[in-house]
Amino acid sequence: MSVLLPARRLGVVCLSVLLAACGGDSSDPVTTAPDPLAKYRSQTVQWRDCDPSIIGQEGDWPDAIADRVSCADIRVPQDYAAPGGDDLSVAMLRVTAEQPDRKLGALFFNPGGPGGDGLGLAAHFGELWRNADPDDALGGQYLALSRRYDLIGFSPRGTGASSALICESNELTPQPAFHGDRSPDNVDALLRYSELEARTCKKNPMAPYINTEQTVRDLDLMRHLVGQARLDYIGFSYGTWLGAWYAARFPDRVGRMLLDSNMNFTGDFSDASAGQVRSLQRVLDGIVAPYAARHPERYGLGTSVDAIRDLFGRLPDPMKQLLSENIPLNTSDAVEDAVYMLKGASEVGDLVQANPDADEARIHELIDQDDYATDPQVNETLTKAVHAVATEYFKALAAGPEPIRVNREEATYTAVVCNDAPVNPARDYWVQLGDEYAVEYPLNGGSITGQPCLFWGGANVDKPSIEAVARAGTVLMVQSEYDALTITEGALEMFDRLPNARLVFVDDEYSHGIFPYGTECVDSPVAGYFIDGEVPPRRTDCGGKPLPGDSSTHDARARSLTTGPETETARPSPYLDPERAEEVRGRIGDIIGNQGRRFRAH
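This is a predicted model, so every value here is computed, not measured.

Let's talk about the overall build of the chain
So, point 1. Secondary structure summary: the chain contains 20 helices and 11 strands in total.
So, point 2. For 602 residues, the compact-globule estimate of 2.2 N^0.38 gives 25 Å, and the C-alpha radius of gyration of the chain, at 26 Å, lies within 12% of that figure.
So, point 3. When the 602 residues of the chain are sorted by exposure, 56% land in the buried category.
So, point 4. When contacts within the chain are restricted to residue pairs at least 6 apart in sequence, long-range pairs at least 24 apart make up 78% of them.
So, point 5. Counting only carbon and sulfur atoms, one obtains 49% of the accessible surface of the chain, whose full area is about 25500 Å².
So, point 6. The averaged location of the 89 negative side-chain charges in the chain is 7 Å from the averaged location of its 55 positive side-chain charges.

Some details on the layout of surface pockets
Empty space among the atoms becomes visible once a probe the size of a water molecule is rolled across them.
So, point 1. A volume near 460 Å³ is recorded for the second largest pocket.
So, point 2. Along its surface, the second largest pocket is lined by 20 residues, and Tyr80, Ala81, Glu213, Gln214 and Arg217 are the ones closest to its centre.
So, point 3. If you tally residues by element for the lining of the second largest pocket, the top one is helix 6 (residues 212-225), at five residues.
So, point 4. Classifying every residue of the lining of the second largest pocket gives nine nonpolar, three polar and eight charged.

Overview of the nonpolar core
Taken as a class, soluble globular proteins show a tendency for nonpolar side chains to be buried jointly.
So, point 1. By size, the foremost hydrophobic cluster in this structure holds 82 residues, and its most contacted members are Ile74, Phe108 and Met257.
So, point 2. A total of eight residues in this core trace back to one element, the largest contributor, which is helix 7 (residues 238-249).
So, point 3. With residues near it in sequence (within four places) discarded, Met257 still touches Leu231, Tyr233, Gly243, Tyr246, Ala247, Val475, Leu476, Tyr529 and Phe530.

Points about the state of the cysteines
So, point 1. In the structure shown here, the tally under the stated rule is four disulfides.
So, point 2. Across a sulfur-sulfur distance of 2.1 Å, Cys418 and Cys453 are joined as a disulfide pair. On the sign convention where negative is left-handed, the bridge of Cys418 and Cys453, at about -90 degrees about the S-S bond, is left-handed. Of this pair, Cys418 sits in helix 15 (residues 408-420) while Cys453 is found in the loop between helix 16 (427-440) and helix 17 (466-470), placing the two residues 35 residues apart along the sequence.

A look at the confidence of the model for the chain
So, point 1. Mean pLDDT for the chain: 90, with 90% of residues reaching 70 or above.
So, point 2. Note that residues 555-568 has pLDDT below 50 and, in this model, 31 contacts with residues that lie over four places away or in other chains.
So, point 3. This model gives residues 596-602 a pLDDT under 50, and the stretch forms 42 contacts once residues within four places in sequence are excluded.

A few points about the packing of aromatic side chains
So, point 1. The tally for this structure, following the rule as stated, stands at 20 aromatic pairs.
So, point 2. Here the aromatic rings of Trp129 and Phe515 are separated by 6.3 Å at their centres, their planes lie at 55 degrees, and the arrangement is tilted. With Trp129 in helix 3 (residues 121-130) and Phe515 in the loop between strand 10 (502-507) and helix 19 (520-532), this pair connects stretches of sequence that are 386 residues apart. Comparing Trp129 with Phe515 shows no difference in burial state: the two are buried.

About the criteria used
Residues numbered from 1 in each chain as written. Predicted model: local features only at pLDDT ≥ 70, side-chain atom pairs only at ≥ 80, totals over all residues. Heavy atoms only, no water. Helix = DSSP H or I, 4+ residues; strand = E, 2+ residues; numbered from the N terminus. Rg over C-alpha atoms; globule rule 2.2 N^0.38 Å. Buried < 20%, exposed > 50% of the residue type's maximum accessible area, 1.4 Å probe, protein only. Contact = heavy atoms within 4.5 Å. Areas by Shrake-Rupley, 256 points an atom, 1.4 Å probe, with all protein chains shown as cover. Lys, Arg positive; Asp, Glu negative; His and termini not counted. Charge placed at Lys NZ, Arg CZ, Asp CG, Glu CD. 1 Å grid on protein atoms, 1.4 Å probe; cavity = no way out; pocket = protein on both sides within 12 Å on 5 of 7 lines; lining within 4 Å. Points joined across faces, edges and corners; volume = space filled by probe spheres on them. Nonpolar A, V, L, I, M, F, W, Y, C, P; charged D, E, K, R; others polar. Core = buried A, V, L, I, M, F, W, Y, C linked by side-chain atoms within 4.5 Å. Disulfide = S-S within 2.5 Å. pLDDT = per-residue confidence, 0-100. Phe/Tyr/Trp six-rings, centres within 6.5 Å; stacked < 30°, edge-to-face > 60°.

Written out as structure tokens, the structure reads:
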């Protein structure tokens, strides 16, 4: 936005410029405008010991990183456009490089969301990479990352251990029924809930300043305070949006940047929500259902892919709601959990519909009276899964009207989404789109109607262009072929618009949040990029890993991979303690995957 100076002031400015052009008096002192951010840039980061409970970890820090972990809080202006006002606090966690004399820099992490708390990512990655096997080629690269980078996690403004955006109201409101119920009353309830959420959050005076523009400025301030000339960064999901925004604002300050599971920066959050609806349905119908049908002896859902795909439509609406909100489709590591939940939903749905007067205790009795597999061990596993779904089903039925309580993650999500980009303001547009999507994408399609940003009042920042991002130079992107939460078609559109970008593409994989994937094809180019500055080819295609019990990978049409990119055969673990590594990878995946689900509207 340009600012017009008063005419008299304009004359003074022009006169001073002319004097300077003519040489003027060289003895005159050269004056420069004071830096409005000077007090923030000059602050000293007070690193201190921090308790593992700050990231929800019980016990002490793992031995691998115990003497390298510290925490700090820095002051940031609430509004970078007017830094003389209120301050906020941003929390940071650092795992120092094992070899500080060979340190390459400080590597920042963001897990996505928006609203994801990335404070713990540095600790989890630090432990994971310190566990790497130095005698393994890939393990040696992980270990080099641990040795040569300070790892820094942070809680973005609004969430985690930073100044929190909390939205609460005393107003009681019933939860809408399943969003696939397109009756006028339920559609009104969806919109009413969204309106209350927006109105509640807008009452918080911090809300206008929770957006990507301000967070990017926080990130740049953190980069400055840790003494780095350029930002080295790994961002997942919304973290790719944050990274791209940073690259557009500070192209000369971008070091080595990995964008993993990409939001399409050529679009907006409405596109992201619509894309997620489509991609989640694609994973359920195209990957999970065929997988269950390939293993009827393990999951008891039969061999008909079409019958498993049709299962969702036969469920009672409350069960559809439960599946819509909870089925884990964000990572192939949880494919068995997804199928177990389908099995539980199918069995409990049939029992509830056949016994409409039965209470929870009776349904559990009926579950114990049935056998779900001839193998005793499989039957025990399936029975537990059915009981678990029944418990969650009746818990959801018992929920009544509650006051609006938007936790800091959800509140930050709403504020960022609504502040970052405008949405179509027409209520009827979202109702009609929800009507269409509820039929085409029944798992989550109707949820597109619930748009808090309809009631926000519009965006308050200007999103940079994709052309501005391209000026930053080489950025490395990683994407899975069927990413369930950030639709791959959008990521490829973004890639096409960034001529200097590089892409590692994982075929026949749907996980959201890929790196570290555990195969040399995927991880070696990423590690080499950060360790040695090696720029991989424009595009590298890698085979995905088979699902449990499969001998090869299968694509969304359940086609065995015979002509595509070669799938790596099973390799030794790159970790000294593989079991512990899988546990830590699970924690990282939970953080990234759970935040990714926040693209889903209510």
